[in-house]
Every structure is written in structure tokens, then in C-alpha cells.
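For reference, the chains in residue letters:
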Amino acid sequence: MLAERTTRIASSPTMKGLIAAERLRKAGADVVDVSAGEPDFPTPDHVKAAAHAAIDANYTKYTANSGSSEVKQAILARYRADYGVEYDESEVIVCAGGKQALLNAALAVFGPGDEVITHMPGWPTLVEQIKLADATPVIVRTSPEDGFALRAQAFIDAFTARTRAVVINSPANPTGALMTEDEMIRLAEACAPRGIWVVLDLCYEKLIYDPVPHNLPGVLAARMRERTIVTGSASKAYAMTGWRCGWLLATREVVAAANALQSHCTSNVCSITQKAVVAALTGPQQCVTEMLDEYRRRRDVIQALIGRDPRLRCLTPAGAFYLFVDVSALLSPAGLRTSADFCQAMLEATHVVVTAGEAFDAPGFFRISYAASIDRLEEAARRIHAFVADVDAGRYARA
Ligand SMILES: Cc1ncc(COP(=O)(O)O)c(C=O)c1O
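Sequence order as written defines the numbering, with residues in each chain counted from 1. Two thresholds apply to this predicted model, a pLDDT of at least 70 for residue-level local features and 80 or more for giving and counting side-chain atom pairs, whereas whole-chain, interface and lining totals are computed over all residues. To get the side-chain values, all heavy atoms of the structure are used, and hydrogens and water are removed first.

1. Regarding helix α4 (residues 69-83)
Now for step 1: Put simply, DSSP H or I for four residues or longer makes a helix, DSSP E for two residues or longer makes a strand, and each gets a number counted from the N terminus. By this rule, a helix spans an expected 1.5 Å times one less than how many residues it contains. For α4, spanning 15 residues, the distance from its first C-alpha to its last is 21 Å, which sits close to the expected 21 Å at 1.5 Å a residue.
Now for step 2: Exposed residues in this analysis have more than 50% of their type's maximum accessible area, buried residues have under 20%, and partly exposed residues fall in between, with area computed by a 1.4 Å probe over protein chains only. All of the buried residues along α4 are Val 71, Lys 72, Ala 74, Ile 75, Leu 76, Arg 78, Tyr 79 and Tyr 83.
Now for step 3: Lining the buried residues of α4 we find β2 (92-95), α9 (216-224), β7 (228-233), β8 (246-249) and α11 (271-282).
Now for step 4: Gly 84 sits one or two residues past α4 and shows a positive phi near 70°. The contact criterion used throughout is that any non-hydrogen atoms of two residues lie within 4.5 Å.

Structure follows, in C-alpha cells:
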């Protein structure tokens, strides 16, 4: 009855936790929701003020489809300052979130017969978008033993004559792992002579805890600018998930194609959002540092609390705001069989909402978002340990 393409796409599994939490909340439960993939901070005041001013000035009409010149210049200036890369206005398009930027990239560059490599555990949308673009996803698995590191060699080993692109998310959701500059140099040196594209998802670029070199746009621009697509977003850096603004930087040809696609889908990003994003990108960056410092504090608290039980294994995330917990030591054929079972039973018993690893193609894990207050994180940890004690007591044993 429906178009064939709908059968190829699974709906976003990260939303399941939110729906379950809502159901319990409506029933009056004290839900501890540590599943959200978004900052719990409000949007900074100076950003909100810019939006109010835009409304008052009646800045409420269509803008250029690809975004106003002002917001494009703000994006270009930020990337110049942060990474030393030079793009001009014809090489940037403003999109409704990093998600649309990535979809534009996929639709502009991938097609039938193409293989596109990406990594898992990872953000499911990257795979679904490859399928939406009629290409075939090829998955490289990263491992906890190696800190979920994104290794160039693993991608290179997956190359075939049909490889069209590699999609890299660093810092990565849900592992918090980074791709190092050295690994990106190796990858770029392998991709450039083969004409393979690199699409770089920098959604969490501002959320890196230690001052490690992470100039991936610079590495790519120096070696393969013609085959590089960089996407970014205001969502996580500036606590602006609901405003819907991201961007794509690439060659003029790619941006023109993305512009044509977007012009028939959503047109320009909300004009008021664009004004707010100008304030975010060009205003004081202190708010970003303050949020990062707070996330670091929370990361350390939740990791120490969860890690008290050695069967809840978790690495220290280098970026983003997720703790990715290996719960496989608590699963068994005679009890809770999968991490999805574990998370579901924990939700029903303790009203703690986490995201099961299955959502990230990583059975055996669950993800805690520490974009939540320390109080709530402590409460989540307390309930999780109480649940584990019940599992130990055989409460979930199968008859
Ligand atoms: C890895 C990754 N990339 C991109 C996005 C897109 O976010 P947005 O569309 O809000 O910019 C997300 C959102 O959760 C994400 O986790």
C-alpha cells in the first residue's frame, strides 16, 4: 500500500524511550529520564533576545533558501576561527538541523549501486539516510576494547570498487569516542586518490572534554577539499535543539545541489532561528564553556556511580554527553536476555528511562544521557543499582 522506500526505513528508535517516559509520567510516576539526546540547559539569554528582536523587527519572511548572508557569514567566521578553513557563501547552506544537512549530503552524493561506509555503535539516522538515498550502508564496527576508536584502517579495509563515501561522526553518539587527526589524515590519504567522499558529522564538535587536537575539517580541507562535506549544528553546542538549525559546508557544486533539493522540501530555515543563530555563533562563547564544564562534572559523577558495580562497564567518554554502559554481564538466557529486555524491565520496575543499545546497533549496552541534573543522575544510579540487586536476587529468572 505504501511506497517501497518506506519499507527500507525504520523509525527513529531513540524516540521509543521518550514515548515510554511520557506514558509513565501521564500515569503519575516519578520518572527519571536519562534518555534525552539534548541539552537540559535553556538557550542562552542573548540568543533568545536576538530572536525576540527579530520578531519585533518583523524579520518573519522567507529568506534566501540557503540562509541569509548574515548567518552564512557567521558560520564561515566560526569555522575560520575554530579550524582555519576558508569557505565562501556559495559553499555553505543553512539547514533545519544537522539532520537535514546530512540528508542533503546523502541525497546530493549517494545513489543506487553506491556503498557508503559508516560506523557502529552509532547514530541510527546515518544508516537510514544512506538507505533513503538508495545506496547500501556498509558498517564498520568499533569496539569497547579499543575505546570505540574510529580507526582509518577499519574503513580502508571496507573499501570496494563501489565505495562512494565514508560518513564519520566525531565526537560520536553514543560512545563519546573521537576520531584523531592522525587517523583522519590516514583516511583522507586513502580516500583522496580513489575519489571517495568523506562526510563529517560534527554535531558534538563543541563538546570535547580535553584539549585534544580535533581539527578534522582542516585535515580534510588540506587533502581532499573537493570530496569533503562537513556538517554542523547549533543544537547541542548552544542548547538550541528546538530551533532547528544546522549547516553544510562543501564545494559550490554540492551546495548548489543541496540548495536545489532543500528548495523543494523545506525551503529556508525559520528566519527567527537564523537571527538567533547569528547571535549564538558571533556572541560570547562563554556559555558553551560553562555548559561543557557542567557536562564534565556530571560525566565524572555518573561514571563513578555506575562504575561501582564492575558488571556495569563503561569507558570515559571523550566527547558528547552520553555514558555508554556495557550490561552484557547481567544478561543471560535464563533471565533478562537482551539489553532491550533489561531496559524495558528496569523502566517498568524503577521508572528510569535509558536508551537500549539496540537503538545504536549495539546489543548488550545501554546509553545514559548526562544532559540531566546531578540530582537526577544520582537518583538514576541509585535506582539502577537497586534494579541490578533485584536481577541478582533472581527476580527476573525465567521459569
Ligand atoms: C550524531 C548526531 N548527528 C546529528 C544530529 C542532528 O541533530 P540536529 O538535527 O538537532 O542538529 C544528532 C542528534 O541527535 C546526532 O546525535
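There is more to say after this.
2. Overview of the site of the ligand
Now for step 1: Gly 98, Asp 201, Ser 233, Ser 235 and Lys 236 are the nearest of the 13 residues found near the ligand.
Now for step 2: Within the backbone of Gly 98, an N or O atom sits 2.6 Å from an oxygen atom of the ligand.
Now for step 3: Any pair of N or O atoms that falls within 3.5 Å is considered a polar contact. Within protein, one atom must be able to donate a hydrogen and the other to accept it, and sequence-neighbouring residues count only if both atoms are side-chain atoms. Residue Lys 99 places a main-chain N or O atom 3.0 Å away from an oxygen atom belonging to the ligand.
Now for step 4: With three residues, helix α5 (residues 97-109) is the single largest residue contributor to the shell around the ligand.
Now for step 5: Its residues placed into classes, the shell around the ligand shows three nonpolar, six polar and four charged. We call a residue near a molecule or strand when any one of its heavy atoms sits within 4 Å of it. In this count, Pro and Cys sit with the nonpolar residues alongside Ala, Val, Leu, Ile, Met, Phe, Trp and Tyr, while Asp, Glu, Lys and Arg are called charged and the others, Gly among them, polar.

3. Comments concerning the side chain of Thr 228
Now for step 1: Position of Thr 228 among the secondary structure elements: in strand β7.
Now for step 2: A relative accessible area of 1% places Thr 228 in the buried class.
Now for step 3: Within the structure, the side chain of Thr 228 is placed 2.8 Å from the backbone oxygen of Met 224, a separation counted as a polar contact.

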